[in-house]
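# Residue-level structural notes
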Amino acid sequence: MNNEVTIFFDSPKPFVLANIKPLSGIAGLYFIFSQSIDIQYPFKKSKLLYIGMSEKKTNSISSRLSGHFDGKSKNIGLTNYRKVEPLLFTYINFEMLNNIWHFRIEDLESYFLLNFVEHFGVYPICNNKTGFEILNNKLSTSFKIDWDYFK
């Protein structure tokens, strides 16, 4: 690998429609997490519940988060966590990484999922997707991800 880029996350936003709607037309990754519930993963605790992606502007982060918010995504874990406390989210606009990441958004999601597994021992509790496809590619960029953001 040639480049190591540190990923810092933007300030957390309450997981409410007023904060979700402005993200229409933005493709990238999003992260949904708890305000106060620490999930005990095998290696350490985190408040991160889910890593998701929007692969295109027409199915933007806004529409994906809206689906999780109103339950249309059928992610029962996110729906039930939202019942017990307000959730937060943050996101990464894929356009910001275009110059350094030369694969698909799906591959970037896989990278983040596998990096989470490396640091915490399993996938985020509400994810049900594996990310092994990215291992078939030769990567020229690696990311140092600020997972402490979700502590």
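Rules used throughout
Residues numbered from 1 in each chain as written. Predicted model: local features only at pLDDT ≥ 70, side-chain atom pairs only at ≥ 80, totals over all residues. Heavy atoms only, no water. Helix = DSSP H or I, 4+ residues; strand = E, 2+ residues; numbered from the N terminus. Rg over C-alpha atoms; globule rule 2.2 N^0.38 Å. Buried < 20%, exposed > 50% of the residue type's maximum accessible area, 1.4 Å probe, protein only. Areas by Shrake-Rupley, 256 points an atom, 1.4 Å probe, with all protein chains shown as cover. Salt bridge = Lys/Arg side-chain N within 4 Å of Asp/Glu carboxyl O. Phe/Tyr/Trp six-rings, centres within 6.5 Å; stacked < 30°, edge-to-face > 60°. Expected span 1.5 Å × (residues − 1). Contact = heavy atoms within 4.5 Å. Core = buried A, V, L, I, M, F, W, Y, C linked by side-chain atoms within 4.5 Å. Polar contact = N/O pair within 3.5 Å; in protein donor to acceptor, adjacent residues only side chain to side chain.

### What to know about the overall build of the chain
What the chain contains, in helices and strands, is 4 helices and 8 strands. Secondary structure elements of the chain, listed N to C terminal, follow the sequence β-β-α-β-β-β-β-α-α-β-α-β. Scaling as 2.2 N^0.38, a compact globule of 151 residues should have a C-alpha radius of gyration of about 15 Å, and the chain matches this with 15 Å. Viewed in the frame of its principal axes, the chain has a C-alpha envelope of about 45 × 35 × 25 Å. Residues classed as buried in the chain amount to 47% of the 151 residues present. Carbon and sulfur atoms form 52% of the exposed surface of the chain, whose accessible area is close to 7,900 Å².

### Topic: the pattern of salt bridges
According to the stated counting rule, one finds 4 salt bridges in the structure shown. Across the pair Lys47 and Asp38 runs a salt bridge whose closest N-O atoms are separated by 2.5 Å. Note on Asp38: relative accessible area 40%, which makes it partly exposed.

### Some details on the packing of aromatic side chains
Scanning the entire structure with this criterion turns up 24 aromatic pairs. Aromatic side chains Phe112 and Phe143 sit 6.1 Å apart centroid to centroid with 40° between the ring planes, which places their arrangement in the tilted category. Of the two residues, Phe112 sits in helix 4 (residues 105–120) while Phe143 sits in strand 8 (residues 141–145), which places them 31 residues apart along the sequence. With a centroid separation of 4.2 Å and an interplanar angle of 15°, the aromatic rings of Phe116 and Phe120 are classed as stacked. Of this pair, Phe116 and Phe120 both sit in helix 4, 4 residues apart, roughly one helical turn. Residue classification places Phe116 among the buried positions, given a relative accessible area of 0%. Classification of Phe120 as buried rests on a relative accessible area of 2%.

### A closer look at helix 4
In this model, helix 4 (16 residues) spans 22 Å end to end at C-alpha, consistent with the 22 Å of a helix rising 1.5 Å per residue. With 12 of 16 residues buried, helix 4 is to be regarded as a mostly interior element. Of the positions making up helix 4, those classed as buried are Ile105, Asp107, Leu108, Glu109, Ser110, Tyr111, Phe112, Leu113, Leu114, Asn115, Phe116 and Phe120. Those residues of helix 4 hidden inside the fold are in contact with strand 1 (3–7), strand 3 (28–34), strand 5 (45–46), strand 6 (48–54), strand 7 (87–93) and strand 8. Positive phi appears at Gly121, one or two residues downstream of helix 4, with a value of about 100°.

### A closer look at the nonpolar core
Core analysis: the biggest nonpolar cluster contains 46 residues, and Phe9, Phe31, Ile32, Leu65, Phe112, Phe143 and Trp147 have the highest contact counts within it. Listed by contribution, the elements that provide at least two residues to this core are strand 3, strand 6, helix 2 (61–70), helix 3 (76–84), strand 7, helix 4 and strand 8. No other element matches the 7 residues that helix 4 contributes to this core. Not counting residues up to four positions away in its chain, the partners in contact with Phe143 are Val5, Ile7, Leu97, Ile100, Trp101, Leu108, Tyr111, Phe112 and Asn115.

### A closer look at the side chain of Ser46
Looking at the secondary structure, you find Ser46 in strand 5. Here Leu48 takes part through its backbone nitrogen, which lies 3.0 Å from a polar atom of the side chain of Ser46. Once residues lying within four places of it in the same chain are set aside, the contact partners of Ser46 are Ile37, Asp38, Ile39, Tyr41, Phe116, Phe120 and Phe150.

### Considering the side chain of Ser34
Locating Ser34 in the fold gives a position in strand 3. Among the residues examined, Ser34 registers a relative accessible area of 1% and is labelled buried. There is a polar contact of 2.7 Å between the side chain of Ser34 and the backbone nitrogen of Ile37. Contacts of Ser34, omitting those with residues within four sequence positions, involve Lys47, Leu49, Glu85 and Leu87.

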